[in-house]
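# Analysis of the macromolecular model
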Amino acid sequence: MDVKRAKDIYASKEMIPVHLDGESVWIERVDEENGMATVQVGSRPTNTHTVGVERLEEGK
């Protein structure tokens, strides 16, 4: 995924499925300047990771 699409998904009112290494994630923040995104893995709010947006996959 690219930074623009990650930002579009983050801003969307729709629920768009996003995965990181096969696990469902929620995008919590997008750092456009560095090409990074902070995501919540699964349903645990404390389980967050900051990763390169290229590791995120839409759909499935």
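Starting afresh in each chain, residues are numbered from 1 along the sequence in its written order. Per-residue local features of the predicted model are confined to residues with pLDDT of at least 70, and side-chain atom pairs are confined, for both listing and counting, to 80 or more; whole-chain, interface and lining totals are unaffected and use all residues. Each side-chain value is worked out from all heavy atoms of the structure, with water and hydrogens disregarded.

### Let's talk about the environment of V53
- Starting at the N terminus, helices and strands are each numbered in turn, a helix being any DSSP run of H or I of at least four residues and a strand any DSSP run of E of at least two. Along the polypeptide, V53 turns up in the loop between β4 (48–52) and β5 (56–58).
- V53 sits 23 residues away from V30 along the chain, and the two C-alpha atoms are 8.3 Å apart.
- Any two residues having at least one pair of non-hydrogen atoms within 4.5 Å are treated as being in contact. Residue contacts for V53: discarding those within four places in its chain leaves M1, D2, V3, A6, G35, M36 and A37.

### With respect to the pairing of β4
- Here strand β3 (residues 36–41) runs beside β4; their pairing, made up of five bridges, is antiparallel. Residue pairing in the sheet places T38 in a bridge with T50 of β4.
- If you look at the hairpin formed by β3 and β4, you'll find six residues sitting between the two strands, and G42 has a positive phi there, around 65°. For two strands to be treated as a pair, DSSP must find no fewer than two bridges joining them.

### Thoughts on helix α1 (residues 3–11)
- Within α1, the full set of buried residues consists of V3, A6 and I9. Here the buried residues of α1 occupy an arc of 125° about the axis, which is enough to place them on one side. For α1, exposure combined with an orientation more than 90 degrees from the buried face picks out K4 and A11.
- The secondary structure elements touched by the buried residues of α1 are β1 (18–20), β2 (23–31) and β5.
- Here a polar contact is taken to be a pair of N or O atoms separated by no more than 3.5 Å, where protein atoms must pair a possible hydrogen donor with a possible acceptor and residues adjacent in sequence count only if both atoms sit in side chains. Near the N-terminus of α1, the side chain that reaches the backbone nitrogen of K4, with its oxygen 3.3 Å away, is that of D2. Buried residues are those whose accessible area, probed at 1.4 Å on protein chains only, stays under 20% of the maximum for their type, while exposed residues exceed 50% and partly exposed ones sit between those limits. Our arc is simply the arc of the directions from the helix axis toward the C-beta atoms.

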